[in-house]
There are 2 protein chains.
Amino acid sequence: MAHSETLADIAAYRLAQAIITGDLAQGQKLNEVELAERYGMGRGPLREALRRLEGQRLVSHIPNAGTRVIVLDNKMLAELYAVREALEGMACRLAAHEMNDTEIAQLQGLLAQHEQQIEAQGGQVYAQSEGDLDFHYLIVRGSRNALLINLLGGEQYPLLRMCRYRSSRNAQRPRPALAQHRHIVEALAARDGELAEFLMRRHIHGAWQSISAMISAENQVQERS
Amino acid sequence: MAHSETLADIAAYRLAQAIITGDLAQGQKLNEVELAERYGMGRGPLREALRRLEGQRLVSHIPNAGTRVIVLDNKMLAELYAVREALEGMACRLAAHEMNDTEIAQLQGLLAQHEQQIEAQGGQVYAQSEGDLDFHYLIVRGSRNALLINLLGGEQYPLLRMCRYRSSRNAQRPRPALAQHRHIVEALAARDGELAEFLMRRHIHGAWQSISAMISAENQVQERS
DNA sequence: AACCCATATATTGTTGACAATATTGAGTTT
DNA sequence: AAACTCAATATTGTCAACAATATATGGGTT
């Protein structure tokens, strides 16, 4: 390995994973001694890990009162998707000029792979969750803008993964999403940055609308019960 | 006070201030024991503060090798301004719909104040540094998007302030900037989100071009010497 | 029973010492 | 002189105990 992992790194990774998968529930209070014992380390490294997650907006901390897992309410999700739309749109525009042919071919390969999976499962849920993120992240990296890559890769995607892992909100039908992905890649291959940005923004906006509708439906069901 | 400040909070604030003002030079190695002694605390809180600054991209950390102040090179500044253009443009569009009349009046008051300062100093440098940031931040807050506010207010502005505090790169002539600010506020008052976004993006883009030209000039001077 | 206050408990904030790793420098070899 | 080795030093990573603060408990009052 390049450089050895510190205990705080390990704790941050495991905590993030636990939060994303829902192993640690939203709003749950995080007890330092309990977590430190569970991970087999002292409280020092654990606290540093918590501070890092705080920067990634996965937890919120109040002095002397403790750290809690963030709660992803409607408003926050809306804000997340709105920012994503702006940033990923920008990334897509840059990527159209910056990506090389090899990377675009890689994207096309990923798409073909997705198509196979969808057909194999008869257009069902499929590994969209992670595969889709790969697609988006590949484009983000293609922008060659380190700040953008850091913002979208390091901070916002954990929140997205957290959102997808829970509830059925992620159940976008994959076929239209795949078609949109295809169009985006076509625009990238044609080096048409403006079109690529437009398509990516519309793709994300559509995803949000789909999710938003599902949330409304869930709420109505809850109100009835 | 709402809740008492922890030592890590104090250290984070003082460190950020020292980095922004250049008291801690770019690329400088940050010695934990030395800093802890200077701030009159143990290494624990200081390390937590460093982890927070890491999330704000003010320092970079390599395990077992230490923490260093970030170096703001051309590439990084270009990326910062590109992201700012997208995010602040978006914030401006949202603010056009979300800000109330009181807030817009506040913006107009700020502008009048800036104009007075400029005239008093005969169109010289003026307190653009901080006053300008107030202007931008007021609009960002007007977007009502907490994620946007957090991204632009909590993380990127320290970097901007850091950039402005040093070198003469911030010596934009204030009069054209003020005129652009005026146009932006007019668009906000007219509730024209698209125009407001366009004007803000052009304003930031222009600022970057101005800075970029100045950097080139500095480099040429350096090459000659 | 509801409310308030004091005490007890639990949790976070902080410290100083110890362990592990990286850096430095002197001495040696080629 | 340049490069390598290995000890000496400095710095970071980690821990366990202590202090400060918040939370929970229980008894007493209205």
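Residues numbered from 1 in each chain as written. Chains lettered and ligands numbered in written order. Predicted model: local features only at pLDDT ≥ 70, side-chain atom pairs only at ≥ 80, totals over all residues.

### A few points about the overall build of chain A
Thought 1: Looking only at helices and strands, chain A has nine helices and three strands in total.
Thought 2: Counting helices and strands in the order they occur from the N terminus, chain A gives α-β-α-α-β-β-α-α-α-α-α-α.
Thought 3: Scored against the burial criterion, the 225 residues of chain A give a buried share of 32%.
Thought 4: Contacts spanning at least 24 positions in sequence make up 75% of the contacts within chain A whose residues lie at least 6 apart. (Helix = DSSP H or I, 4+ residues; strand = E, 2+ residues; numbered from the N terminus. Buried ≥ 20, exposed ≤ 12 C-beta atoms within 10 Å, placed from the backbone. Contact = placed C-beta atoms within 7 Å.)

### Things to note about the relation of the copies chain A and chain B
Both copies of the chain are related by one operation, a rotation about an axis with a shift along it.
Thought 1: Overlaying chain A on chain B yields an RMSD of 0.1 Å, the required transformation being a rotation through 180 degrees with an accompanying axial translation of 0.0 Å. Expressed as a symmetry operation, the mapping of one chain copy onto the other fits a two-fold axis.
Thought 2: Both copies share a contact surface, since 100% of the interface residues of chain A are interface residues in chain B too. (Least-squares fit on C-alpha atoms with pLDDT ≥ 70 in both.)

### Describing the sheet that holds strand S2 (residues 59-62) of chain B
All names here are of chain B.
Thought 1: Spatially, the three strands line up as an open sheet ordered S1-S3-S2, and their pairing is antiparallel. Edge strands, defined here as strands with exactly one partner in the open sheet, are strand S1 (29-30) and S2.
Thought 2: Two strands pair when backbone bridges link them, and S2 and strand S3 (residues 66-69) are joined in this way by four bridges, in the antiparallel orientation. From the neighbouring strand, valine 59 faces S3, where its bridge partner is valine 69.
Thought 3: In the packing of helix H3 (residues 43-55) onto the sheet, the strands contacted are S1, S2 and S3, and the crossing angle to S2 comes to about 115 degrees. (Pairing = 2+ DSSP bridges. Axes fitted to C-alpha atoms, helices over the stretch in contact; angles between N-to-C directions.)

### Regarding the domain arrangement of chain A
Thought 1: Partitioning chain A into domains gives domain 1 (7-69) and domain 2 (74-224).
Thought 2: Counting from both sides, the interface comprises eight residues of domain 1 of chain A and, opposite them, eight residues of domain 2 of chain A. (Domains from an automatic or database assignment.)

### Notes on helix H5 (residues 101-120) of chain B
Residues and elements named next belong to chain B.
Thought 1: The end-to-end C-alpha distance of H5 is 29 Å, a good match for the 28 Å that 20 residues give at a rise of 1.5 Å each.
Thought 2: Along H5, the residues that are buried comprise Ile104, Leu107, His114 and Ile118. Angularly, the buried residues of H5 cover 70 degrees about the axis, an arc narrow enough to put them on a single face. Away from its buried face by more than 90 degrees, H5 exposes Asp101, Thr102, Gly109, Ala112, Gln116, Glu119 and Ala120. (Expected span 1.5 Å × (residues − 1). Arc of directions from axis to C-beta.)

### Digging into the sheet that holds strand S1 (residues 29-30) of chain A
Residue and element names in this part refer to chain A.
Thought 1: With antiparallel pairing, three strands are arranged side by side in an open sheet as S1-S3-S2. Sheet topology places S1 and strand S2 (59-62) at the edges, where each strand pairs with a single neighbour.
Thought 2: Its contacts with the sheet place helix H3 (residues 43-55) against S1, S2 and strand S3 (66-69), and it is angled at close to 115 degrees to S2.

### Thoughts on the nonpolar core
Thought 1: In this structure, Ala91 of chain A together with Ala91 of chain B are the most contacted members of the largest nonpolar core, which totals 56 residues.
Thought 2: Among all residues touching alanine 91 of chain A, those that are not within four sequence positions of it are Ile139, Val140, Ser143, Leu148 and Leu152 of chain A. (Core = buried A, V, L, I, M, F, W, Y, C linked by C-beta atoms within 7 Å.)

### Notes on the protein's contact with DNA strand D
Thought 1: Looking at DNA strand D, there are 19 residues lining it, with Leu7, Gly42 and Asn64 of chain A together with Glu32 and Gly66 of chain B nearest.
Thought 2: Classifying every residue of the surface near DNA strand D by side-chain character gives seven nonpolar, 10 polar and two charged. (Near = placed C-beta within 6 Å. Nonpolar A, V, L, I, M, F, W, Y, C, P; charged D, E, K, R; others polar.)

### Overview of unusual backbone geometry
Thought 1: A positive phi angle, close to 65 degrees, is found at asparagine 64 of chain B, a residue other than glycine.
Thought 2: Structurally, asparagine 64 of chain B can be placed in the loop between S2 and S3.

### Description of the interface of chain A and chain B
Thought 1: Each partner contributes to the interface: chain A provides 23 residues, whereas chain B provides 23 residues.
Thought 2: Looking at which element gives the most residues to the side of chain A that touches chain B, the answer is helix H4 (residues 74-98) of chain A, with seven residues.
Thought 3: A breakdown of the residues in the side of chain A that touches chain B according to their chemical character gives 11 nonpolar, seven polar and five charged.

### Overview of the packing of helix H2 (residues 32-39) of chain A against H3 of chain A
All names here are of chain A.
Thought 1: For the pair H2 and H3, the least separation of the axes is 9 Å and the interaxial angle reads 110 degrees. For the element pair H2 / H3, the angle class is roughly perpendicular. Here Glu32, Val33, Leu35, Ala36 and Tyr39 of H2 lie close against H3, whose contacting residues are Arg43, Leu46 and Arg47. (Parallel < 35°, antiparallel > 145°, perpendicular 65-115°, else oblique.)

### Observations concerning the protein's contact with DNA strand C
Thought 1: Inspection of the region around DNA strand C gives 19 residues, with Glu32 of chain A together with Leu7, Gly42, Gly44 and Asn64 of chain B positioned closest.
Thought 2: For the surface near DNA strand C, the secondary-structure elements that each account for two or more residues are H2 and H3 of chain A together with helix H1 (7-21) and H3 of chain B.
Thought 3: Among the residues making up the surface near DNA strand C, the classes are represented as seven nonpolar, 10 polar and two charged.

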